[in-house]
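Structural overview
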Amino acid sequence: MGLTSFQKMVLEGIPLRLPALRPYDISVNHAPKRKDILTADEKKLALRNALRYFDKRHHAVLLKEFAEELNAFGRIYMHRFRPDYKIYARPVGEYPCKSKQAAAIMHMLSNNLDEVVAQHPHELITYGGNGAVFQNWAQYLLTMKYLAEMTNEQTLVLYSGHPMGLFPSHKDAPRVVVTNGMMVPNYSKPDDWERFNALGVTQYGQMTAGSFMYIGPQGIVHGTTITILNAGRKFVKGKTDLAGTVFVSAGLGGMSGAQPKAAKIAGVIGVIAEINPMAIQTRYSQGWVDEVYKDLEELISRIVKAKSGKEAVSLAYQGNVVDLWEKLVEKNVKVELGTDQTSLHNPFSGGYYPVGLSLEESKRMMAERPEQFKKEVQRSLLRHVASIRKMRSRGMYFFDYGNAFLLEVARAGADVSGYPSYVQDILGPMYFDYGFGPFRWVCTSANPKDLELTDKIAQGVLEKMRSSAPKEIKRQLTDNIHWIKEAQKNKLVVGSQARILYADAEGRMKIATAFNRAIRLKKISAPIVLGRDHHDVSGTDSPYRETANIHDGSQFTADMAVHNFAGDAFRGATWVSLHNGGGVGWGEVINGGFGLVLDGSKDADRKLKSMLFWDVNNGIARRSWARNPEAVFAIKRAMKLEKKLKVTLPNLVDDQLFT
């Protein structure tokens, strides 16, 4: 399809004439059938809700078709309306637009639905089993049309994927405001998501799926790398380096697919179980997995050999992780580091597959006998944690990676007291409390040369910062310099020309300012989008993950994430998002994100300084008020650097008063 035809299709939006039916493509990884949860009357309501996108003359045909989809999949995806053109992060100049900011947003959301990036692209799901960009293809088509038509004095409002419309605003307002799954609190149970998503009135945006900021598994590689590195440094006794260390986990899907690459960068032996052969093949074909094994005896022999040779290698096991753990226990293999990254925020709808059942058997049971499937998952989790407990008794450091593993194991009936979250032990005190988190950028030119130049610019900024940095953050800066120097060599790009780099507020502002200058001088050929993972210093209130190291009792409040969303909106963000769910599950977390387009202008300089400073320091202030010593240090330093900042500091209470 030519460029002109693509642009015409975008501008058409929902076509007036019905396109031909699309065949079900078995070569693509599809979402599992969802639970049949709606009553007969609710199914009629779901169909009415879906049909309102289309002219009445098509209702009779589409009613039958959508009813079949609802019965077959548990959702109405509107597969007929999936566009003929290939969806990927095209160079920004190829999108029809009146606003370059809107074109950059089209570039970003297209990347989220690219078939090499998205977990279930035909169901508009980017990662995590249910992290959706849109609920259906009508929403996608209408959103793209609105973005193509909008000016810099309009704002597009998205309600859980539904484009409510374009509203008059002004140039400093966000071009898009996104919310996903923002339920009245009493309606945030897992089955509420099943029901209201099936009705077509809300969706689970995960973190960076529904906010158009997903950059493939690279988005978590850096965080996983520094977690493995620092877990080894802190908890593997007698290790001056991690050569020969074995790291075991599960999951090779959207975000979990980062694990084998991160393990190799950290210099360890990564052993990752995955039950879905398509997910394994994707990571293997991308070079993120070195070797694949189906036989556990062969895998164990390979681990022993790699350990003896102190190799840095990534090994995938095509099978159930419980079988892997039990075999490691039986063979008495020394495992130093362990975690899990199955999608246990979504345990009973495809996020976790129980031992003893094949992938297909699991899919059938979860759709046809959901209560029995829940029992099988919980039985499997108890076996899972039993093996981990044995390995811990032999000296392994196991940490929860924020996927709700410990939460669901506890709900299954196991005692998990004393099992740490990686945020409590590592990322919280060593990174988030100092203001370091997953800053990211995307070159909308889609030109690898632009990305290569940004890597060099970022490296130069960090090296200059390190020369005068206080001792408390020198290690973080040193690790980040190593990361960015190795980025090109490690071939991290999947989809858009994107990069992630853990940075604090000072680093983010200085790097962004240098990028904007390079665009202004035409050294970089097109605008750059700045963003971050919601898994960051300030973006997310999640008591079992991002705010797991908040100990003043406020870890169950969500003021920080909501204030970040609001504050970013009026400080210059190009788009802002606020979600219920993400990472640890629906009803368990509130998280917010942003996108900021750098176009080389002085206006972009003004916005980036105002917004990035707030986006980080709001979280440091909250962490400081919780009496986290690293955050107290960081916010005092921030106040010295910015005289307009005045933060309420905690007065520490002498513990002896309570004796």
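See the structure printed just above.
Below: a short report on this structure. Note that the structure is predicted; figures quoted are calculated from it, not measured. (Residues numbered from 1 in each chain as written. Predicted model: local features only at pLDDT ≥ 70, side-chain atom pairs only at ≥ 80, totals over all residues. Heavy atoms only, no water.)

1. Some remarks on the pairing of strand E12 (residues 437-443)
For E12, the tally of buried residues reaches seven of seven residues, placing the bulk of the element in the interior. By the bridge criterion, six bridges tie E12 to strand E13 (residues 498-503) in an arrangement that is antiparallel. For Pro438, the partnering residue across the bridge sits in E13 and is Tyr502. (Buried < 20%, exposed > 50% of the residue type's maximum accessible area, 1.4 Å probe, protein only. Helix = DSSP H or I, 4+ residues; strand = E, 2+ residues; numbered from the N terminus. Pairing = 2+ DSSP bridges.)

2. What to know about a positive patch on the surface
A cluster of basic residues, Arg517, Lys523, Lys602 and Lys609, forms a positive patch on the protein surface. Checked against the element boundaries, Arg517 lands in helix H19 (residues 505-520). Owing to a relative accessible area of 42%, Arg517 belongs among the partly exposed residues under this scheme. (Patch = residues over 30% accessible without salt bridge, like charges linked within 9 Å, V, L, I, M, F, W, Y side chains within 5 Å. Areas by Shrake-Rupley, 256 points an atom, 1.4 Å probe, with all protein chains shown as cover. Salt bridge = Lys/Arg side-chain N within 4 Å of Asp/Glu carboxyl O. Lys, Arg positive; Asp, Glu negative; His and termini not counted. Charge placed at Lys NZ, Arg CZ, Asp CG, Glu CD.)

3. A look at helix H5 (residues 137-149)
Between the first and last C-alpha of H5 there are 19 Å, a value that for 13 residues agrees with the 18 Å anticipated at 1.5 Å per step. Judged by how many residues are buried, H5 sits mostly within the fold: ten of 13 residues are covered. Taken together, the buried positions of H5 are occupied by Trp137, Ala138, Gln139, Tyr140, Leu141, Leu142, Thr143, Met144, Leu147 and Ala148. Where H5 is buried, its residues touch helix H1 (3-12), helix H4 (100-113), strand E3 (154-159), strand E4 (162-168) and strand E5 (176-180). N-cap assignment for H5: the residue whose side-chain oxygen lies 3.1 Å from the backbone N of Ala138 is Asn136. (Expected span 1.5 Å × (residues − 1). Contact = heavy atoms within 4.5 Å. Polar contact = N/O pair within 3.5 Å; in protein donor to acceptor, adjacent residues only side chain to side chain.)

4. Quick word on the sheet that holds strand E9 (residues 313-318)
Taking strand neighbours across the sheet as the criterion, the six strands line up as E8-E9-E7-E6-E10-E11 in an open arrangement whose pairing is parallel. Two strands bound the open sheet, and with one partner strand each, they are strand E8 (291-293) and strand E11 (397-398). Pairing of strand E7 (residues 269-274) with E9 involves six bridges; the strand directions are parallel. Residue pairing across strands places Val271 opposite Leu315, the latter belonging to E9. Contacting E7, E8 and E9, helix H9 (residues 277-285) runs over the sheet at an angle of about 160° to E9. (Axes fitted to C-alpha atoms, helices over the stretch in contact; angles between N-to-C directions.)

5. Re the nonpolar core
Core analysis: the largest hydrophobic core is formed by 154 residues, its most contacted members being Phe66, Tyr140, Phe212, Trp441 and Leu530. Those residues in contact with Tyr140 that sit more than four places away from it in its chain are Pro83, Tyr85, Ile87, Leu109, Leu113, Leu124 and Phe134. If you look at the next biggest cluster of nonpolar residues, it comprises 51 residues, including Val313, Tyr353, Leu407 and Val584. (Core = buried A, V, L, I, M, F, W, Y, C linked by side-chain atoms within 4.5 Å.)

6. Considering unusual backbone geometry
Even without being glycine, Ala404 reaches a positive phi, approximately 75°. As for its position among the elements, Ala404 is in the loop between E11 and helix H15 (405-411). Relative accessible area serves as the criterion here: at 5%, Ala404 is assigned to the buried category. Of note, the phi angle at Lys491 is positive, near 50°, even though the residue is not glycine.

7. A closer look at the packing of helix H20 (residues 559-570) against helix H21 (residues 602-625)
The interhelical angle for the contact between H20 and H21, taken along N-to-C directions, is 165°, at an axis separation of 10 Å. Overall, the two elements H20 and H21 adopt an arrangement that is roughly antiparallel. Handedness of the crossing formed by H20 with H21: right-handed. In this structure, H20 uses Met560, His563, Asn564, Gly567 and Asp568 to contact H21, whose residues at the interface are Met611, Trp614, Asp615, Asn618, Gly619 and Arg622. Classifying every residue of the contact of H20 with H21 by side-chain character gives three nonpolar, five polar and three charged. (Parallel < 35°, antiparallel > 145°, perpendicular 65-115°, else oblique. Left-handed = near helix turned anticlockwise from the far one by under 90°. Nonpolar A, V, L, I, M, F, W, Y, C, P; charged D, E, K, R; others polar.)

8. Some details on the pattern of salt bridges
Under the definition given, this model contains 40 salt bridges. Among the salt bridges present, the one from Glu194 reaches Arg75, with a minimum N-O distance of 3.0 Å. Placement of the pair is Glu194 in helix H6 (residues 190-199) and Arg75 in the loop between helix H3 (59-73) and H4, with a sequence separation of 119 residues. For the salt bridge of Lys607 with Asp603, the shortest nitrogen-to-oxygen distance reads 3.9 Å. Placement of both Lys607 and Asp603 in helix H21 is noted, with a separation of four residues, approximately one turn of the helix. With relative accessibility at 34%, the residue Asp603 sits in the partly exposed group. Each member of the salt-bridge network shares a partner with another, and the members are Asp172, Asp603, Arg606 and Lys607.

9. So, the pairing of strand E6 (residues 246-250)
Counting buried positions along E6 gives five out of five residues, so the element sits mostly inside the fold. Burial along E6 is two-sided: Val246, Val248 and Ala250 facing one way and Phe247 and Ser249 facing the other are all buried. Direction of pairing for E6 relative to E7: parallel, over a ladder of five bridges. Along E7, the bridge assignment pairs Ser249 with Ile272. Judged from the two bridges that link them, E6 and strand E10 (residues 337-338) form a sheet pairing that is parallel. The residue bridging Phe247 from the neighbouring strand is Leu337, located in E10.

10. Here we look at the environment of Ser285
Here Ser285 lies in helix H9. Distance in space between the C-alpha atoms of Ser285 and Glu311 is 21 Å, their sequence separation being 26 residues.

11. Side note on the packing of aromatic side chains
Considering all chains together, one arrives at 25 aromatic pairs under this definition. Centroid distance Phe73 to Tyr77: 6.1 Å. Interplanar angle 50°. Geometry classified as tilted. Of the two residues, Phe73 and Tyr77, both sit in the buried class. For the ring pair Phe398 and Tyr419, a centre distance of 6.3 Å and an interplane angle of 75° mean the geometry is edge-to-face. With Phe398 in strand E11 and Tyr419 in the loop between H15 and helix H16 (422-430), the pair connects residues that are 21 residues apart, well separated along the chain. For the pair formed by Phe398 and Tyr419, the shared burial category is buried. An aromatic cluster is defined as three or more aromatic residues linked by ring pairs; in this entry it consists of Phe235, Tyr397, Phe399, Tyr401 and Tyr422. Note that Arg75 overlies the ring of Trp193, its terminal NZ or CZ placed 4.9 Å from the centroid. For the cation-ring pair, Arg571 lies above Trp614, with the distance from its terminal atom to the ring centre recorded as 4.3 Å. (Phe/Tyr/Trp six-rings, centres within 6.5 Å; stacked < 30°, edge-to-face > 60°. Lys NZ or Arg CZ within 6 Å of the ring centre and 35° of its normal.)

Take it as geometry only, folks, not as evidence of what the structure does.
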